[in-house]
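Descriptive structure summary
Here is how the chains run, residue by residue.
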Amino acid sequence: MDENWRGNLPQIAARKTGKSRYSFVPLFMNELNIQNLRVEIADREIVRGLSLTVPCGEVHAIMGPNGSGKSTLAKVLAGHPDYHVTGGAVTMDGENVLELEPDERARHGLFLAFQYPSEVPGVTIANFLRAAVQARMPEGEELEATDYYAKLYEKMELLGMDRSFTSRSVNEGFSGGEKKRTEILQLAMLEPKYAVLDETDSGLDIDALKTVAHGVNSLRGPNLGILLITHYQRLLNYIVPDHVHVMVAGRIVRSGRKELALELEERGYDWTREEAGEMAVR
Amino acid sequence: MKTETSAVDINRNIGDFSYDVTHAYDAGTGLSEKTIHYISDVKQDPDWVREFRLKALKTFLEKPMPTHWASKDLEAIDFDKIRYYLSGGTQAKRTWEEVPEDVKRTFERLGIPEQERKFLAGVEAQFDSEAVYSNIKKAVGEQGVIFVGSAEGLKEHPEIFRKWFGKVIPTGDNKFSALNSAVFSGGSFIYVPPGVKVKHPLQAYFRINAENFGQFERTLIIVDEGAELTYMEGCTAPKFNTATLHSAVVELVAMKDAKIQYITVQNWSANVFNLVTKRGLAHENAEVKWIDCNIGSRLTMKYPGVIMKGRKARGEVLSIALANDGQHQDTGAKMVHAADETTSNIISKSISIGTGRATYRGLVHVPKHLKNCKNNTECDALLINSTSRTDTYPAITVRGTGNAVQHEASVSQVSAEQIFYMQQRGLSKAQAMSLSVNGFVNDLVRQFPMEYSVELKRLIELEMEGSVG
């Protein structure tokens, strides 16, 4: 096992004293850093030298046409076994993420809200999340049931979820909206340092979208970095990003402030493709 | 049993441990009339029991192995190398410190009570259950419930015992019921008088001793009119010194309006052939329910059955089987409808891990002349690895009109995506696997008594640990 998973000293000290981690001079930047990442699946290169930095406390959106490799990026960050990293580096607060197992990445503070969350038949949301929260506690320490449920109900209220929901099996027979809401509930409960939200808006009607966005916005703060992956600008009306990146053919071709999203909405992705083409020629 | 006298050639290093034991009574290896006389002499059997045993021996010798449908693995049993009767065992003194570390760890993780651990590990020859369960014993005794060993039952209560003994499961039912009938020792005899509802489940632990963990125990339970009983046997902990062949017979009789629930949770070591015959007889409006959980063993063949003899009788089998590497769980149920308006329900869940194999065999019989009989069968199999195997052999005969039968079967796999999803939430691969498996059996486990369901959950976690690379 990995007893040293909280191995970055400044944070341990910060927790013990109860002070903000910013009261220390960190040995590294608090950020999710992707450098020149290259990824293959079945010998096909999907991500082709992508670089991106998401500082803790910021919300970054990645937009891009279908097939640009956005979802692949999300899965690779989480450590999906089907994808093969052929080059580059990913660090989280200075720590090499790529050498960690998927569950270690999660416990170190990386969360992925899935585009298509799996069903876990027979396992209730309450039990599933309880196991997940317990997995983050030091060995030998037991999660206090009353504290856990108090927090769970609080977060469910935030997301407009009925309490009876906790006794349903994870994602089994859920509507698209219920699945996405459940993903955000897990995000709220697990308190990661970095969250990747993969097409969280897809399949949501406007009311559900608003509720989910409200949930995400309430989690925004100095201790969470968010990477929003989306095809449509719509979501960004509700979760306003600090930065917007355009991904085409496996790399970031343009980055800008939130206004870039509006420009994409107006002009579509074709012009970015042309730019990407030019880049390739150069 | 020592390695050199082992009936089958297996690797005893995995999950199994034993000590040398010397016995005051030992029938030696092999089976003949001499063996039967030896057993009857030692046990001071009444003549009718000696006759019963001798007849059964003849049947056993005549009957072929059920190899035309059963696993060929049965042929590995060498009946000449088995010791059919051992008792009065005294072990060389040993201490808790000598118990292998991994066994201690397993007890620890299963949450087995301290006192029971020592017995199960063979440190103490006798588990002092009298003290622990004396309150229950006193309570049921006052209600007129008889709860004794089968040897005591047949001597002290012949008027009830003899009437039903071997009636639900005749000697010649199968080769192994015949074997049990010839050499049985140990097991329980319970009689619940009319109208008595036994509140607390009675447990085999109640009068636990070495013989109780014997190879050929025989249990007979009679619950009289309108009475109710829950009986629990087994234990989820690994047991020391388990013999390689375990062949029990359990007969249940539920009189008019009576209810019996019989719960088994067993975790055999990987060298055991567990060949057990269990059947209940349900009279008018009576209910017999088997809850059966099989973990471990090399080969288990067990199909708890209910004969619904009276109108409106009900039979139910809920079973969970977990077949790990190299193991074969051949389990199922038999529902014989023999009166109008009888209903039966079978829910079977199996999990195959590694090269484990789970087989479901279900027999449902409704003859032509009956009316308004119903059966529901659901069997679900879960495969963990690509090398895991499952088979389903339903044998359903429903004749006549006005009878309804419903059969559903499913095979599912824990998908890589599901495991990845759970890992992404911070669960290790093994935790993810065991949570998935627990989810699969969850709706059944909920029907188990609390302490068993908790132990079972932990046990599944233990079993899953080795399944992921």
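Residues numbered from 1 in each chain as written. Chains lettered and ligands numbered in written order. Predicted model: local features only at pLDDT ≥ 70, side-chain atom pairs only at ≥ 80, totals over all residues. Heavy atoms only, no water.

**Regarding the interface of chain A and chain B**
Contact residues are listed per partner, giving 31 residues for chain A and 15 residues for chain B. Counting the surface lost from both chain A and chain B, the interface buries some 1,900 Å², and carbon and sulfur atoms represent 61% of this. Per-residue buried area on chain A facing chain B is highest for Asp103, Phe114 and Phe128 of chain A; these three make up 25% of the total on that side. On inspection of chain A and its partner chain B, the count reaches one salt bridge. The interface formed by chain A and chain B includes 14 residue pairs in polar contact (both at pLDDT 80 or more). At the level of secondary structure, the elements contributing two or more residues to the side of chain A that touches chain B comprise α2 (70-78), α3 (102-107), β6 (110-113), β7 (120-124), α4 (125-135) and α6 (176-190) of chain A. For the side of chain A that touches chain B, the per-class residue count stands at 18 nonpolar, six polar and seven charged. (Contact = heavy atoms within 4.5 Å. Buried area = accessible area lost by both parts, 1.4 Å probe. Salt bridge = Lys/Arg side-chain N within 4 Å of Asp/Glu carboxyl O. Polar contact = N/O pair within 3.5 Å; in protein donor to acceptor, adjacent residues only side chain to side chain. Helix = DSSP H or I, 4+ residues; strand = E, 2+ residues; numbered from the N terminus. Nonpolar A, V, L, I, M, F, W, Y, C, P; charged D, E, K, R; others polar.)

**Quick word on the sheet that holds β6 of chain A**
Residues and elements named next belong to chain A. Taken together, six strands build an open sheet; the order of strands is β6-β9-β10-β3-β11-β12 and the sheet is mixed. Each of the sheet's edge strands pairs with one partner strand only, and the pair in question is β6 and β12 (251-256). Each strand axis lies, on average, 20 degrees off the axis of its neighbour in the sheet, ignoring direction. (Pairing = 2+ DSSP bridges. Axes fitted to C-alpha atoms, helices over the stretch in contact; angles between N-to-C directions.)

**A closer look at the packing of aromatic side chains**
Counted by the stated rule, this structure contains 19 aromatic pairs over all chains. The interplanar angle of 70 degrees and the centroid separation of 5.7 Å between the aromatic rings of phenylalanine 114 of chain A and phenylalanine 420 of chain B together place this pair among those described as edge-to-face. Of this pair, phenylalanine 114 of chain A sits in the loop between β6 and β7 while phenylalanine 420 of chain B sits in helix α9 (residues 416-424), each in a different chain. Comparing phenylalanine 114 of chain A with phenylalanine 420 of chain B, the two get one shared label, buried. Ring centres 6.1 Å apart and planes at 10 degrees place the aromatic pair phenylalanine 128 of chain A and tyrosine 421 of chain B in the stacked group. One end of the pair, phenylalanine 128 of chain A, is in helix α4; the other, tyrosine 421 of chain B, is in helix α9, on a second chain. Clustering of aromatic rings is evident, with ring pairs tying together Trp48, Phe52, Phe161, Phe165, Phe184 and Phe189 of chain B. Taking the ring centre of phenylalanine 79 of chain B as reference, the NZ or CZ of lysine 175 of chain B above it sits at 6.0 Å. (Phe/Tyr/Trp six-rings, centres within 6.5 Å; stacked < 30°, edge-to-face > 60°. Buried < 20%, exposed > 50% of the residue type's maximum accessible area, 1.4 Å probe, protein only. Lys NZ or Arg CZ within 6 Å of the ring centre and 35° of its normal.)

**Here's the deal with unusual backbone geometry**
Despite not being glycine, glutamate 199 of chain A shows a phi value in the positive range, around 50 degrees. The topology assignment puts glutamate 199 of chain A in the loop between β9 (194-198) and α7 (206-219). Given a relative accessible area of 9%, glutamate 199 of chain A falls into the buried group. Of note in the backbone geometry, asparagine 372 of chain B takes a positive phi value of approximately 55 degrees without being a glycine.

**Remarks on the confidence of the model for chain A**
Atomic detail in the predicted coordinates should be set aside for any region of low pLDDT. Per-residue confidence for chain A gives a mean pLDDT of 87; residues scoring 70 or more make up 87%. For chain A, the element scoring lowest by mean pLDDT is helix α1 (residues 9-17) of chain A, at 43; β6 of chain A scores highest, at 98. (pLDDT = per-residue confidence, 0-100.)

**Considerations on the packing of helix α5 (residues 145-158) of chain A against α6 of chain A**
What describes two packed helices is the angle between their axes and the distance between those same axes. Residue and element names in this part refer to chain A. One way to put it is that α5 packs onto α6 with a least axis distance of 10 Å and a crossing angle of 135 degrees. By the angle class used here, α5 and α6 are oblique. For α5 against α6, the interelement crossing comes out right-handed. Of the residues in α6, those in contact with Tyr148, Lys151, Leu152, Lys155 and Met156 of α5 are Leu185, Ala188 and Met189. Looking at the contact of α5 with α6 residue by residue, the class counts come to six nonpolar, no polar and two charged. (Parallel < 35°, antiparallel > 145°, perpendicular 65-115°, else oblique. Left-handed = near helix turned anticlockwise from the far one by under 90°.)

**Brief notes about the sheet that holds strand β1 (residues 31-41) of chain A**
Residue and element names in this part refer to chain A. In space, the four strands of this open sheet follow the order β2-β1-β4-β5, with antiparallel pairing throughout. Both outer strands of the open sheet, β2 (44-55) and β5 (95-96), are each paired with one neighbouring strand and no more. In this sheet, β2 lies alongside β1 in antiparallel orientation, the contact comprising nine bridges. The residue of β2 that forms the bridge with arginine 38 is arginine 48.

**Describing α7 of chain A**
All names here are of chain A. Its 14 residues place the ends of α7 20 Å apart at the C-alpha level, agreeing with the 20 Å of an ideal helix rising 1.5 Å per residue. Of the positions making up α7, those classed as buried are Ala208, Leu209, Val212, Ala213, Gly215, Val216 and Leu219. What you see down the axis of α7 is that its buried residues fit within an arc of 155 degrees, all on one side. Turning to α7, the residues buried within the fold contact α5, α6, β9, β10 (225-230) and α8 (234-238). (Expected span 1.5 Å × (residues − 1). Arc of directions from axis to C-beta.)

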